[in-house]
Amino acid sequence: MDDETRQNWELIQTPPGIEWSGRTRYAAATFLYHRGEMSADVLEVYRICSRLDAEDPVDVLRRWQIGAEWVERMSVTG
């Protein structure tokens, strides 16, 4: 894994509640989407949550019952 990819994997795990954390997670999600790591539906949830620093996109994915593969992946890496 190259440094840029590693950095984006760290950024996507930025905890909710930190100022600008939603935008940080969305930027990392966009990078990972373009690498084929996540679906468009999952990216859309990160986009929706990008202005909601306190909202955890993985929790939203669980509630909306989409992106099960991504949710599983994040529980293993997070």
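In this text, all values refer to a predicted model and were calculated from it rather than measured experimentally. (Residues numbered from 1 in each chain as written. Predicted model: local features only at pLDDT ≥ 70, side-chain atom pairs only at ≥ 80, totals over all residues. Heavy atoms only, no water.)

A. Looking closely at helix α4 (residues 57-64). Among the residues of α4, Pro57, Val58, Val60 and Leu61 are the ones counted as buried. Projection of α4 onto a plane perpendicular to its axis shows the buried side chains occupying an angular sector of 155°, all on one side. Turning to α4, the residues buried within the fold contact α2 (21-34), α3 (40-49) and α5 (68-77). Where α4 begins, the capping side chain belongs to Asp56, and its oxygen is found 3.0 Å from the backbone nitrogen of Val58. (Buried < 20%, exposed > 50% of the residue type's maximum accessible area, 1.4 Å probe, protein only. Helix = DSSP H or I, 4+ residues; strand = E, 2+ residues; numbered from the N terminus. Arc of directions from axis to C-beta. Contact = heavy atoms within 4.5 Å. Polar contact = N/O pair within 3.5 Å; in protein donor to acceptor, adjacent residues only side chain to side chain.)

B. Main features of the side chain of Asn8. Looking at where Asn8 falls in the secondary structure, it is placed in helix α1 (residues 3-11). For Asn8, a relative accessible area of 9% puts it in the buried group. At 2.9 Å, the side chain of Asn8 forms a polar contact with the backbone oxygen of Glu4. Setting aside chain neighbours within four positions, we find Asn8 in contact with Ala27, Ala28, Phe31 and Leu32.

C. Summary view of the packing of aromatic side chains. In total, this model carries two aromatic pairs according to the counting rule given. On the numbers, 5.5 Å between centres and 20° between planes, the contact of Trp9 with Trp70 is stacked. Here the residue Trp9 occupies a position in helix α1, and Trp70 occupies one in helix α5, the gap between them amounting to 61 residues. Both residues of the pair, Trp9 and Trp70, belong to the buried class. (Phe/Tyr/Trp six-rings, centres within 6.5 Å; stacked < 30°, edge-to-face > 60°.)

Remember that the coordinates give geometry; whether it matters functionally is a separate question.
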